[in-house]
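Structural description and commentary
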Amino acid sequence: MKSFIQLLHFGYHQAMSCIFPVAIFGTLALSTVIPFPYIPRYDAILLILLAVQYFMFRSRLETLDEIKVICVLHLIGLMLEIYKVHMGSWSYPEPAYSKIFGVPLYSGFMYASVASFMCQIWRRLRMDMTGWPGVIPSVLLGGAIYLNFFTHHFLPDFRWWLTLLVFVVFWKTWIIFRVRLTTYRMPLSLAFIIVGFFIWLAENIATFFNGWKYPDQHESWQLVSFSKISSWFLLVIISVIIVAQLKHVKANRTAK
């Protein structure tokens, strides 16, 4: 019975941490069947997601620091989207006023939603980490991962080498989280894999509802390539590094 209660509490906090991602995919789904008068669909999605963020902040579901992290990830994601669309990796076929170089502004929220989840779950489960490799190794690794998403179009793809390096750099790092009065822990690398897999599932939902399209999905929808799990695995690492470093900086400031 105790284990069941623990699972319910854990599931509740997971669900509450997913409010913004669920809002994104819910908006994508509803906007395919409910037309928006006088405004393109991508623009309407952007306005709705901005309203959701405002509501979460005003209702104290998100703090100002968390909003700042979300903005950083939104910008990082948007720059990557602009480059990937330019290189033909995927496209946003519908018209919109809020497009920059063929990319609607709402697309950055896909990446920001990962940051939102990370910040929420960190606070709700009172997370901490042991064995963190430090600022220099983690930032250098995160930068190399992000750069590889750009350079693999004209240089060798170092994705699998970077993945191996992740396990080397973070092999001593464990996540500590708390559910009610009980403390649990798990390897950080395992958490990367789990979150990356669930984002891949969400990506299938997003492409099904025409959030964006890969080249092989223009004729008819099909399952997103399993290789994308490794991409999301690496992107999750960037998000965790940013969130963890900011939490660490804030904790040091509070201690002083």
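Relevant structure appears above.
One structure accompanies this document, and this report is about it.

**Quick notes on unusual backbone geometry**
Positioned with a positive phi, Tyr38 is a non-glycine residue whose angle comes to about 70°. Inspection of the secondary structure assignment puts Tyr38 in the loop between α2 (19-33) and α3 (41-58). Its relative accessible area of 86% is what places Tyr38 among the exposed residues. Even without glycine at this site, Arg126 takes up a positive phi of about 50°. Here Arg126 lies in the loop between α5 (108-124) and β3 (128-130). With relative accessibility at 43%, the residue Arg126 sits in the partly exposed group.

**A closer look at the packing of aromatic side chains**
Geometry of an aromatic ring pair is reported as the spacing of the ring centres plus the angle between the planes. This model, assessed by the stated rule, comprises nine aromatic pairs. Aromatic pair Tyr42 and Tyr92: ring centres 6.0 Å apart, planes at 85°, arrangement edge-to-face. Of this pair, Tyr42 sits in helix α3 while Tyr92 sits in the loop between α4 (64-86) and β1 (99-100), and the two are 50 residues apart along the sequence. One exposure class covers both Tyr42 and Tyr92, and it is buried. Taken together, the aromatic side chains of Phe10, Phe177 and Tyr184 make up a single cluster linked through ring pairs. The positively charged end of Arg185 is found above the aromatic ring belonging to Trp174, 4.0 Å away from the centroid.

**Points about the side chain of Glu66**
Topologically, Glu66 is positioned in helix α4. Within the structure, Glu66 has its side chain in polar contact with the backbone nitrogen of Thr63 (distance 3.0 Å). Here the side chain of Glu66 touches Arg123 through a polar contact of 2.8 Å, side chain to side chain.

**Focus on the packing of helix α1 (residues 2-17) against α5**
Across the interface, α1 lies against α5 with an axial gap of 8 Å and an inter-helix angle of 145°. Between α1 and α5 lies a crossing of right-handed hand. Side by side, α1 and α5 meet where His13, Gln14, Met16 and Ser17 of the first sit next to Ser116, Phe117, Gln120, Ile121 and Arg124 of the second.

**Brief notes about the pattern of salt bridges**
Under the counting rule described, the total for this entry stands at three salt bridges. Glu94 is the salt-bridge partner of Arg41, the closest N and O atoms lying 2.8 Å from each other. Within this pair, whereas Arg41 is found in helix α3, its partner Glu94 is found in the loop between α4 and β1, the two being separated by 53 residues in sequence. You can call Arg41 buried: its relative accessible area is 11%. With a relative accessible area of 22%, Glu94 lands in the partly exposed category. Across the pair Glu66 and Arg123 runs a salt bridge whose closest N-O atoms are separated by 2.8 Å. Of this pair, Glu66 sits in helix α4 while Arg123 sits in helix α5; the two residues are 57 residues apart in sequence, bridging distant segments of the chain.

Procedures and definitions
- Residues numbered from 1 in each chain as written.
- Predicted model: local features only at pLDDT ≥ 70, side-chain atom pairs only at ≥ 80, totals over all residues.
- Heavy atoms only, no water.
- Helix = DSSP H or I, 4+ residues; strand = E, 2+ residues; numbered from the N terminus.
- Buried < 20%, exposed > 50% of the residue type's maximum accessible area, 1.4 Å probe, protein only.
- Phe/Tyr/Trp six-rings, centres within 6.5 Å; stacked < 30°, edge-to-face > 60°.
- Lys NZ or Arg CZ within 6 Å of the ring centre and 35° of its normal.
- Polar contact = N/O pair within 3.5 Å; in protein donor to acceptor, adjacent residues only side chain to side chain.
- Axes fitted to C-alpha atoms, helices over the stretch in contact; angles between N-to-C directions.
- Left-handed = near helix turned anticlockwise from the far one by under 90°.
- Contact = heavy atoms within 4.5 Å.
- Salt bridge = Lys/Arg side-chain N within 4 Å of Asp/Glu carboxyl O.

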